[in-house]
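Examination of the molecular architecture
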Number of protein chains: 2
Amino acid sequence: MPSDASPGHGSGHSSAAAAAIVTAGMVVIGDEILSGRTKDRNVGFVADCLTAVGIDLKEVRIVSDDEDAIVEAVNALRARFTYVFTSGGIGPTHDDITADSIAKAFGVGIDHDPRAIEILKTHYAGRVELNEARLRMARIPFGADLILNKVSGAPGFRIGNVHVMAGVPSVLQAMMDEILPTLQTGTRLLSESVDAPFGEGRIATPLGAIQKANPDTIIGSYPYNLDGRFGTNIVVRARDPERLALVAAEVAELVEAMRAAS
Amino acid sequence: MPSDASPGHGSGHSSAAAAAIVTAGMVVIGDEILSGRTKDRNVGFVADCLTAVGIDLKEVRIVSDDEDAIVEAVNALRARFTYVFTSGGIGPTHDDITADSIAKAFGVGIDHDPRAIEILKTHYAGRVELNEARLRMARIPFGADLILNKVSGAPGFRIGNVHVMAGVPSVLQAMMDEILPTLQTGTRLLSESVDAPFGEGRIATPLGAIQKANPDTIIGSYPYNLDGRFGTNIVVRARDPERLALVAAEVAELVEAMRAAS
């Protein structure tokens, strides 16, 4: 859609300009995602969580287990968005370099954090030894708050507007449960979907006219191919429920008219 | 892993320095991915394809349907990597702005391309009208080559080192089939996996020692949680098959020794 109609850009659409816009970026850290060996499931989960509370996820970067790459991505996104969320690289092994990279990105020191050591001691008590490797998971940048985690014990952390989480989906999800209540939420971008039983090409021109006439809404058109048949899912988004209902109804009428005509 | 052991960084590991390193970046374009409405399947597919032919995918950026965001991401990655691949935003609707954004990123003009018009005419012949909206899919930046597509007709395109593809997975996959034979491929990064039936914490220290002693290999450690039980998948990567076999065997012996000891 035209940039002047996209959320997070105040100018060009009055109602969203009046609404509270909270934005976010995400950094996924891990060679296993970039090699294809592991298929990421965290972006979709975080996106769903943020959308549900009215935070607009604006950009995601997937980077390798490389300090320079992590520092660059985190610094770029934390300067630009209200919040940043990271996943991956906070375990006990040599390739878990996220905590040290975040400390470098913020230009602060890092060391074993007494609060984190206590959490690990309690978690491992009577089960396994809190060895040197496991202690690495207590390395937290100076000035960071811990993000608790009921699944694996080892905490994530929040420093500035950056939330550092694990890459294992069950652990990341437990951390998001802890984080969500602490976030400033925006005016939720509501949406309504209209399914068109034909390809985008037939409806694109009148749909574009509706978008142009309603710049305070965001109309997305998502083609799909089901058993060789093309269809189009049209999603209308707006922060004002009345405007959403009006424009979605207009789109539904258009689709019905075109379906009847075919 | 430490950056000096990651592919694409020549210094620090002799065998990979001698090998041909071909790198890639990917830009996923679409608000529907960032909102969580659509779960991306293209990153994993492209990652698998590139890994299979020895191209290292180094960074992925997921950006919204916003011209400035697309231009910034494409220009950042095309300057840095051998190839860039994009998905999404080349359909007929008002929110499909990828082709125009790519033209802007390269500072070239864009117009309806006679070759693309011919392809669309042939594809739609006798079925549907080649209306103004569908003609938008023939807008190709000046100087670009077309990427054919057996599924939906509408072509993608290649300009400089950037390959522009559709977002619908079946169409993107058809376009990748056309692109792959044209790419310069690198010395494939081979891998062997060793499963450890325990968490990372137990094996992290000796595993780190093996990585340190073998900087020409990349040892990744990927924890998982299966029915509440933690396990670790250890993946050894190397471009030299003999070195890979040696180091993977060393890791397997370590895992077996620790398993026997528990």
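Residues numbered from 1 in each chain as written. Chains lettered and ligands numbered in written order. Predicted model: local features only at pLDDT ≥ 70, side-chain atom pairs only at ≥ 80, totals over all residues. Heavy atoms only, no water.

**So, the overall build of chain A**
A count of helices and strands for chain A gives 10 helices and 11 strands. Here chain A holds 262 residues, and 57% of them are scored as buried. Counting contacts in chain A only where the partners sit at least 6 residues apart, residues at least 24 apart contribute 69% of the total. Taken as a whole, chain A presents about 10,100 Å² of accessible surface, with 54% of it coming from carbon and sulfur. (Helix = DSSP H or I, 4+ residues; strand = E, 2+ residues; numbered from the N terminus. Buried < 20%, exposed > 50% of the residue type's maximum accessible area, 1.4 Å probe, protein only. Contact = heavy atoms within 4.5 Å. Areas by Shrake-Rupley, 256 points an atom, 1.4 Å probe, with all protein chains shown as cover.)

**A word on the packing of aromatic side chains**
All names here are of chain A. With the rule as written, the count across this model stands at 2 aromatic pairs over all chains. A centroid spacing of 6.3 Å and a plane angle of 50 degrees characterise the contact between Tyr-83 and Phe-85, whose relative ring orientation is tilted. Under the relative-accessibility criterion, Tyr-83 is labelled buried at 11%. Here Phe-85 falls in the buried class, since its relative accessible area comes to 0%. (Phe/Tyr/Trp six-rings, centres within 6.5 Å; stacked < 30°, edge-to-face > 60°.)

**Section: the relation of the copies chain B and chain A**
Structural alignment of chain B on chain A gives an RMSD of 0.0 Å, achieved by rotating through 180 degrees and translating 0.0 Å along the axis. Given the turn and translation reported, the copies of this chain are related as if by a two-fold rotation axis. Taking the C-alpha atom as reference, chain B places B:Arg61 closest to the rotation axis, 2.2 Å from it. A high fraction, 98%, of the interface residues of chain B reappear at the interface in chain A, so the copies pair face to face through one surface. (Least-squares fit on C-alpha atoms with pLDDT ≥ 70 in both.)

**Here's the deal with the interface of chain B and chain A**
Note: interface size is frequently given as the accessible area lost on complex formation between the parts. Contact residues are listed per partner, giving 65 residues for chain B and 65 residues for chain A. Interface area, chain B with chain A, both sides summed: about 5,100 Å², of which 53% is carbon and sulfur. The salt bridge involving A:Glu72 is made with B:Arg61; its shortest N-O contact spans 4.0 Å. Run the count over chain B and chain A and you get 18 residue pairs in polar contact (both at pLDDT 80 or more). At the level of secondary structure, the elements contributing two or more residues to the side of chain B that touches chain A comprise helix H2 (31-34), helix H3 (42-52), strand S2 (55-63), helix H4 (67-78), helix H7 (132-136), helix H9 (200-213), strand S10 (218-226) and strand S11 (229-238) of chain B. Sorting elements by how many residues they give to the side of chain B that touches chain A places H9(B) first, with 8 residues. In terms of residue class, the side of chain B that touches chain A is made up of 22 nonpolar, 23 polar and 20 charged. As paired elements, strand S2 (residues 55-63) of chain A and S2(B) share 5 bridges and run antiparallel to each other. Each bridged residue has a counterpart across the sheet, and for A:Glu59 the counterpart in S2(B) is B:Val63. (Buried area = accessible area lost by both parts, 1.4 Å probe. Salt bridge = Lys/Arg side-chain N within 4 Å of Asp/Glu carboxyl O. Polar contact = N/O pair within 3.5 Å; in protein donor to acceptor, adjacent residues only side chain to side chain. Nonpolar A, V, L, I, M, F, W, Y, C, P; charged D, E, K, R; others polar. Pairing = 2+ DSSP bridges.)

**A few points about the packing of H3(B) against helix H8 (residues 169-179) of chain B**
Residue and element names in this part refer to chain B. Two elements in contact, H3 and H8, have axes whose closest approach is 10 Å; the angle formed by their N-to-C orientations is 20 degrees. When the interaxial angle is binned, H3 and H8 end up roughly parallel. Where H3 crosses over H8, the two elements pack in a sense that is right-handed. Residues Asn-42, Phe-45, Val-46, Cys-49 and Leu-50 of H3 form the contact with H8, whose own contacting residues are Pro-169, Leu-172, Gln-173 and Met-176. For the contact of H3 with H8, the per-class residue count stands at 7 nonpolar, 2 polar and no charged. (Axes fitted to C-alpha atoms, helices over the stretch in contact; angles between N-to-C directions. Parallel < 35°, antiparallel > 145°, perpendicular 65-115°, else oblique. Left-handed = near helix turned anticlockwise from the far one by under 90°.)

**Let's talk about the UniProt feature "domain: MoaB/Mog" (unreviewed entry) in chain A**
UniProt's feature table lists "domain: MoaB/Mog" (unreviewed entry) at residues 25-186 of chain A, given in the numbering used throughout. Spanning residues 25-186 of chain A, this segment combines 39% helix with 22% strand, and its end C-alpha atoms are found 15 Å apart. (UniProt positions renumbered as here; feature names shortened; annotations may be inferred.)

**Re helix H9 (residues 200-213) of chain A**
Over its 14 residues, H9(A) runs 19 Å from end to end, which matches the ideal 20 Å to within 8%, given 1.5 Å per residue. All of the buried residues in H9(A) are A:Glu200, A:Gly201, A:Ile203, A:Ala204, A:Leu207, A:Gly208, A:Ile210 and A:Gln211. Of the surrounding elements, those touching the buried residues of H9(A) are strand S10 (218-226), strand S11 (229-238) and helix H10 (241-261) of chain A together with H7 of chain B. (Expected span 1.5 Å × (residues − 1).)

**Focus: the sheet that holds S11(B)**
All names here are of chain B. Pairing is antiparallel in the open sheet, where 3 strands are placed in the order S9-S11-S10. Edge positions in the sheet fall to strand S9 (190-196) and S10, since each of these pairs with one other strand and no more. Strand-to-strand twist across the sheet, computed as the mean angle between neighbouring axes with direction ignored, equals 20 degrees. Of the strands in this sheet, S10 and S11 are in contact with H9, which crosses S10 at around 170 degrees.

**Structural notes on the sheet that holds S2(A)**
With mixed pairing, 12 strands are arranged side by side in an open sheet as S6(A)-S7(A)-S8(A)-S3(A)-S1(A)-S2(A)-S2(B)-S1(B)-S3(B)-S8(B)-S7(B)-S6(B). Because the sheet does not close on itself, it has two edges, and the strands there are strand S6 (145-147) of chain A together with strand S6 (145-147) of chain B. With strand direction ignored, the average angle separating the axes of adjacent strands in the sheet is 20 degrees.

**As for the packing of H9(A) against H10(A)**
Packed helices, taken two at a time, are described by the angle between their axes plus the distance between the axes. All names here are of chain A. Here H9 crosses H10 at 155 degrees, and the two axes come no closer than 11 Å. As far as their axial angle goes, H10 and H9 are roughly antiparallel. For the crossing formed where H9 meets H10, the hand is right-handed. Counting all contacts with H9, which are made through Arg-202, Ile-203, Pro-206, Leu-207 and Ile-210, the residues of H10 involved are Val-247, Glu-250, Val-251, Leu-254, Val-255, Met-258 and Arg-259. Tallied by class, the residues present in the contact of H9 with H10 amount to 9 nonpolar, no polar and 3 charged.

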